[in-house]
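The lines below spell out each chain.
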Amino acid sequence: MKDKRYRSIIKTISWRVTGTIDTFLVSYLVTGKVGIAASISIVEVFTKLLLYYLHERVWNRIKIGKEKVEPEYQI
């Protein structure tokens with residue numbers, strides 16, 4: 001069984017929201033400036049969206065840890 005592309009896109013977006021909030025908070029704690037933290041967060045959104053999506057698609061082709069689920073009965 002493999003994930004469809006739209007599933008990878010949804011997972012990418014949800015992960016990116018989480019990651020961007022984290023990046024903003026860490027950047028703010030380090031710099032103490034909301035503007036700089038926001039700038040860093042905006043840049044990393046786009047780069048990491050692409051990287052995560054590509055990462056998901058590559059892992060979708062790797063069979064390690066996947067099982068083919070057979071139906072219990074056939075019609």
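Residues numbered from 1 in each chain as written. Predicted model: local features only at pLDDT ≥ 70, side-chain atom pairs only at ≥ 80, totals over all residues. Heavy atoms only, no water.

### Looking at the side chain of Ser8
Moving on, step 1. As for its placement among the helices and strands, Ser8 is situated in helix H1 (residues 5–31).
Moving on, step 2. When its relative accessible area of 0% is taken as the criterion, Ser8 is described as buried.
Moving on, step 3. Looking at Ser8, its side chain comes within polar contact range of the side chain of Arg57, at 3.1 Å. (Helix = DSSP H or I, 4+ residues; strand = E, 2+ residues; numbered from the N terminus. Buried < 20%, exposed > 50% of the residue type's maximum accessible area, 1.4 Å probe, protein only. Polar contact = N/O pair within 3.5 Å; in protein donor to acceptor, adjacent residues only side chain to side chain.)

### Description of the layout of surface pockets
Moving on, step 1. Its boundaries defined by the atoms lining it, the largest pocket holds a volume of some 170 Å³.
Moving on, step 2. Forming the boundary of the largest pocket are Met1, Lys2, Asn60, Arg61, Ile62, Lys63, Lys66, Glu67 and Lys68. (1 Å grid on protein atoms, 1.4 Å probe; cavity = no way out; pocket = protein on both sides within 12 Å on 5 of 7 lines; lining within 4 Å. Points joined across faces, edges and corners; volume = space filled by probe spheres on them.)

### Here's the deal with the packing of aromatic side chains
Moving on, step 1. A full pass over the atoms with the stated rule returns one aromatic pair.
Moving on, step 2. Taken together, a centroid distance of 6.5 Å and an interplanar angle of 5° make the contact between Phe24 and Tyr28 stacked. Linking Phe24 with Tyr28, this pair stays in helix H1, spanning four residues, or about one helical turn.
Moving on, step 3. Overall, the relative accessible area of 26% leaves Phe24 in the partly exposed class. (Phe/Tyr/Trp six-rings, centres within 6.5 Å; stacked < 30°, edge-to-face > 60°.)

### Notes on the pattern of salt bridges
Moving on, step 1. Scanning the model with the defined rule gives three salt bridges in all.
Moving on, step 2. Two residues, Lys11 and Glu56, come together in a salt bridge whose shortest N-O distance is 3.2 Å. Highlighted residues: Lys11 in helix H1 and Glu56 in helix H2 (residues 34–61), separated in sequence by 45 residues.
Moving on, step 3. Lys48 is paired through a salt bridge with Glu44; the nearest N and O atoms lie 3.6 Å apart. (Salt bridge = Lys/Arg side-chain N within 4 Å of Asp/Glu carboxyl O.)

### Section: the packing of H1 against H2
Moving on, step 1. Relative orientation of the contacting elements H1 and H2 amounts to 150°, with a least axis distance of 8 Å. Taken together, the axes of H1 and H2 are roughly antiparallel relative to one another. As H1 packs across H2, the resulting crossing turns out to be right-handed. (Axes fitted to C-alpha atoms, helices over the stretch in contact; angles between N-to-C directions. Parallel < 35°, antiparallel > 145°, perpendicular 65-115°, else oblique. Left-handed = near helix turned anticlockwise from the far one by under 90°.)

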